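Given next are the chains, with one letter for each unit.
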Number of protein chains: 2
Amino acid sequence: MQATHGLEENMIAMAGRMALVRPIPEPGIIEHRPSALRLVKAKEHLFHEGDPRQCVFEVVSGALALYTLLPDGRRQIARFALPGEFVCVGWERSEPHSAEATVDTFVKCLPALLARRIAKDAPASLDWIGAQMAEEARAMQDLARLVALGGALERVAGFIGRLSRKIGAASPCSFALPMTRADIGDHLGLTLETVSREFSRLRRLRVIEIERVTQVVILDPARLRRMGGDLLN
Amino acid sequence: MQATHGLEENMIAMAGRMALVRPIPEPGIIEHRPSALRLVKAKEHLFHEGDPRQCVFEVVSGALALYTLLPDGRRQIARFALPGEFVCVGWERSEPHSAEATVDTFVKCLPALLARRIAKDAPASLDWIGAQMAEEARAMQDLARLVALGGALERVAGFIGRLSRKIGAASPCSFALPMTRADIGDHLGLTLETVSREFSRLRRLRVIEIERVTQVVILDPARLRRMGGDLLN
DNA sequence: CGAATAGTTGACGGACTTCAAATCTTGTGG
DNA sequence: CCACAAGATTTGAAGTCCGTCAACTATTCG
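Fair warning: this is a prediction, and the values are worked out from it, not measured in the lab.

Peer 1: Any chance you could explain the packing of helix α3 (residues 123-149) of chain B against helix α4 (residues 152-167) of chain B here in plain terms?
Peer 2: Between two packed helices, what matters for the description is the angle formed by their axes and the separation of those axes. All names here are of chain B. One way to put it is that α3 packs onto α4 with a least axis distance of 9 Å and a crossing angle of 150°. Of the possible angle classes, the one that applies to α3 and α4 is roughly antiparallel. In contact with Ala139, Asp142, Leu146, Val147 and Leu149 of α3, α4 contributes Glu154, Arg155 and Arg162. Grouping the amino acids of the contact of α3 with α4 by side-chain chemistry returns four nonpolar, no polar and four charged.

Here it is as structure tokens:
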């Protein structure tokens, strides 16, 4: 919790810097300018695995799927980057993942070189970067635990519960899923059919409600948490 | 690969510092002295989840299982720390895992405060720490991918292949497993019975040979790699 | 030597995947 | 605005894989 607290403070500080140039969303592409805002349409890529790292990104709206593709065509989505989250923080020289927008997505772009300069000037941001990297490792381990120890229901329940906490801080009971069932399956190591079935099961159990396919209402947060909860945190 | 290279250089530099005080293994416990060498017997703990971080450790021989325990009693081994690998690098204030020696294990201990001082004096070691943390995140993601996308055979094959590369750099074809079947199961999200069955299967397929339960000989490295290989790197 | 721990193997059942078909949603052109 | 097409989702049926329970064997330590 202490680490998370410091992280948020520094995120705010950094986001402040990033927001200086162009605070208002504008459709279209404005690349290679400090803190440019860019629209990535659904299914478009922001970058590919192996690309040289050029920018640090902050997701403003929508969602990015950070994934790796296997030789046999399957893919694993390592994580979804949601509004307020950062991508490409750290000292890697090339991207370890591909980044695809799962829905229309706005991102703020900060050139990596500028980010490095900021980091050098402000030692506090070094701590922030360290915290970000530690958080990333922890998130990856949470995923490994969820997938290694949980059944399909626990994985889906855990995923929805975590997602709702991230997205719906303001409205904890209802939110829009920013990705398809197939995306969720590729994240949790399940088929899209199994994801759909577990959604249906949660609906039958009166734990969630689904409206127009993408709108999820959490009816029983406590039970949802219990179903996947042992495996997170 | 570039990152790994820099990492190794800095590991050597840091290991050099750590080795200055007491270069020769000595049985028994010598705690709270710079670079003290300590023996942790099989099934003993080096620290527990939640303990305040006191030392950075380097495994000299044996192996540590870094795990978290779930409320229901199951455990997930996030990773095994093998000879030459470091544990507790980073800025966490308390341990996120418990560390148990799976076999008799020697570790070098460097007080965390001293490690911080070294890091401040030598900016290069900051890069090394960053590389370590990035490596940890990558290892966790590899685990998540292996567990999410692989069947039992792929998981075990991938695990053995990776382990042999880490342990048996000198003798790539034969090495001693430093953990039980149950430990491997807790790492890969399988039961110990399934792990045993997959070992037997690999033996029937003439991919590996097993001598005296813990000694593994890799008969067909190429095929072993192919069996779990799509899921790693 | 004997007990305790670790590992192997078999049988069975349940959980998830695969294949298939039907329904719902969304975007586009007329 | 409507119709249609493409994509996403839901649901069903059958098969495979892995977990559970159980019995047995091998190894280690006192």
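Peer 1: In this structure, what is going on with the interface of chain B and chain A? I would like to understand it.
Peer 2: Size of an interface, as often reported, equals the accessible area lost when the parts are brought together. Contacts between the two partners involve 30 residues from chain B and, on the opposite side, 30 residues from chain A. Of the roughly 2,800 Å² buried at the junction of chain B and chain A (both faces included), carbon and sulfur atoms supply 63%. Contact with chain A buries area across many residues of chain B, yet Gln76(B), Gln141(B) and Leu149(B) alone supply 19% of it, more than any other trio. On the surface where chain B and chain A come into contact, there are two salt bridges. Put simply, Arg74(A) and Glu154(B) hold a salt bridge, and the shortest N to O gap is 3.7 Å. The tally of links from chain B across to chain A stands at six residue pairs in polar contact (both at pLDDT 80 or more). Secondary structure elements with two or more residues in the side of chain B that touches chain A: β5 (75-81) and α3 of chain B. The biggest single contributor to the side of chain B that touches chain A is α3(B), with 13 residues. A class-by-class count of the residues in the side of chain B that touches chain A yields 15 nonpolar, seven polar and eight charged.

Peer 1: What am I meant to see in the nonpolar core here?
Peer 2: Ile160(A), Phe199(A), Leu202(A), Ile160(B), Phe199(B) and Leu202(B) are the most contacted members of the largest nonpolar core, which totals 74 residues. Excluding residues that lie within four positions of it along the chain, Phe199(A) makes contacts with Val156(A), Ile160(A), Leu177(A), Arg181(A), Ile184(A), Ile208(A), Ile210(A) and Val216(A). By size, the runner-up hydrophobic cluster in this structure holds 22 residues, among which are Ile129(A), Phe86(B), Met133(B) and Ala134(B).

Peer 1: What am I meant to see in the environment of Val107(A) here?
Peer 2: All names here are of chain A. Note on placement: valine 107 falls in strand β8 (residues 105-111). Measuring from C-alpha to C-alpha, the distance between valine 107 and glutamate 85 comes to 9.9 Å, with 22 residues separating the pair along the chain. In contact with valine 107, other than residues within four places in its own chain, are Ala36, Leu37, Arg38, Val40, Leu46, Phe57, Glu58, Val59, Val60 and Leu64.

Peer 1: Looking at this structure, how should I read the relation of the copies chain B and chain A?
Peer 2: Here two copies of a chain appear, and what relates them is a rotation about an axis with a shift along it. Superposition of chain B onto chain A requires a rotation of 180° combined with a translation of 0.0 Å along the rotation axis, giving an RMSD of 0.0 Å. Look at the turn and shift together and you get a two-fold axis relating the two. A shared interface surface links the copies, since 100% of the contact residues of chain B are contact residues in chain A too.

Peer 1: Which parts of the structure should I look at to understand the protein's contact with DNA strand C?
Peer 2: Near DNA strand C lie 19 residues; those nearest to it are Ala152(A), Thr194(A), Arg197(A), Ser196(B) and Ser200(B). For DNA strand C, a phosphate oxygen lies 2.6 Å from a polar atom in the backbone of Ala152(A). Arg203(B) is positioned with one of its side-chain polar atoms (N or O) 3.5 Å from a phosphate oxygen of DNA strand C. Looking at the surface near DNA strand C, the elements with two or more residues in it are α6 (192-204) of chain A together with α6 (192-204) of chain B. Here the surface near DNA strand C takes six residues from α6(B), the largest share from any one element.

Peer 1: Looking at this structure, I do not really get the pattern of salt bridges. What am I missing?
Peer 2: Any two side chains of opposite charge can pair, on the condition that their charged atoms come close. Evaluation of the coordinates by the stated rule reveals 26 salt bridges over all chains. Close ionic contact of Arg201(A) with Glu198(A) constitutes a salt bridge, the shortest N to O distance being 3.2 Å. Placement of both Arg201(A) and Glu198(A) in helix α6 is noted, with a separation of three residues, approximately one turn of the helix. According to the relative accessible area criterion, Arg201(A) is partly exposed, its value standing at 35%. A salt bridge links Glu85(B) to Lys166(B); its shortest N-O distance comes to 3.2 Å. Placement of the pair is Glu85(B) in the loop between β5 and β6 (86-87) and Lys166(B) in helix α4, with a sequence separation of 81 residues.

Peer 1: Looking at this structure, I do not really get the pairing of strand β1 (residues 36-40) of chain A. What am I missing?
Peer 2: Where a strand is regular, its side chains alternate between the two sheet faces. Residues and elements named next belong to chain A. Here β1 lies mainly inside the structure; five of its five residues are buried. Burial along β1 is two-sided: Ala36, Arg38 and Val40 and Leu37 and Leu39, pointing in opposite directions, are all buried. The pairing of β1 with β8 spans five bridges and is antiparallel. Across the sheet, leucine 39 pairs through a bridge with phenylalanine 106, a residue of β8.

Peer 1: Honestly, the confidence of the model for chain A in this entry has me stumped. Any pointers?
Peer 2: Should the pLDDT be low somewhere, the predicted coordinates at that spot are not to be read in detail. Residue and element names in this part refer to chain A. In the predicted model, chain A carries a mean pLDDT of 84, and 83% of its residues have values of at least 70. The weakest mean pLDDT in chain A belongs to helix α1 (residues 2-19) at 38; the strongest belongs to helix α5 (residues 181-188) at 98. Contacts from residues 1-32, a stretch scored under 50 in pLDDT, to residues over four places away or in other chains number 46 contacts.

Peer 1: Help me understand the side chain of Glu100(B), please; the structure alone is not making it clear to me.
Peer 2: Residue and element names in this part refer to chain B. Tracing the chain through its elements places glutamate 100 in strand β7 (residues 98-101). In terms of polar contacts, glutamate 100 uses its side chain to reach the side chain of arginine 75, at 3.5 Å. Residues in contact with glutamate 100, not counting those within four places in the same chain, are Lys43, Glu44, His45, Ala63, Leu64, Ala65, Tyr67 and Arg75.

Peer 1: How should the pairing of strand β4 (residues 64-69) of chain A be read in this particular structure?
Peer 2: Residues and elements named next belong to chain A. Along β4, five of the six residues are buried, which leaves the element largely enclosed by surrounding structure. Sheet topology places β4 next to strand β5 (residues 75-81); six bridges connect them, and they run antiparallel. Bridging across to β5, tyrosine 67 finds its partner in isoleucine 77. The turn linking β4 back onto β5 is made up of five residues, and glycine 73 within it adopts a positive phi angle of 100°. Relative to strand β7 (residues 98-101), β4 is paired through four bridges, and the arrangement is antiparallel. Bridging from a neighbouring strand, leucine 64 pairs with alanine 101 of β7.

Peer 1: Before we go on, may I ask you to explain the sheet that holds strand β9 (residues 174-176) of chain B in this structure?
Peer 2: In sheet architecture, strand pairing relies on hydrogen bonds along the backbone and comes in two forms, parallel and antiparallel. Residues and elements named next belong to chain B. If you trace the three strands from one edge of the open sheet to the other, you get β9-β11-β10, paired in antiparallel fashion. Each having just a single partner strand, β9 and β10 (208-211) make up the two edges of the open sheet. In this sheet, adjacent strand axes meet at a mean angle of 20° when their direction is disregarded. The pairing of β10 with strand β11 (residues 215-218) spans four bridges and is classified as antiparallel. Bridge assignment links glutamate 211 to a residue of β11, and that residue is glutamine 215. Across the face of the sheet, α4 comes into contact with β9, β10 and β11 while running at roughly 90° to β9.

Rules used throughout
- Residues numbered from 1 in each chain as written.
- Chains lettered and ligands numbered in written order.
- Predicted model: local features only at pLDDT ≥ 70, side-chain atom pairs only at ≥ 80, totals over all residues.
- Heavy atoms only, no water.
- Axes fitted to C-alpha atoms, helices over the stretch in contact; angles between N-to-C directions.
- Helix = DSSP H or I, 4+ residues; strand = E, 2+ residues; numbered from the N terminus.
- Parallel < 35°, antiparallel > 145°, perpendicular 65-115°, else oblique.
- Contact = heavy atoms within 4.5 Å.
- Nonpolar A, V, L, I, M, F, W, Y, C, P; charged D, E, K, R; others polar.
- Buried area = accessible area lost by both parts, 1.4 Å probe.
- Salt bridge = Lys/Arg side-chain N within 4 Å of Asp/Glu carboxyl O.
- Polar contact = N/O pair within 3.5 Å; in protein donor to acceptor, adjacent residues only side chain to side chain.
- Core = buried A, V, L, I, M, F, W, Y, C linked by side-chain atoms within 4.5 Å.
- Buried < 20%, exposed > 50% of the residue type's maximum accessible area, 1.4 Å probe, protein only.
- Least-squares fit on C-alpha atoms with pLDDT ≥ 70 in both.
- Near = heavy atom within 4 Å.
- Pairing = 2+ DSSP bridges.
- pLDDT = per-residue confidence, 0-100.

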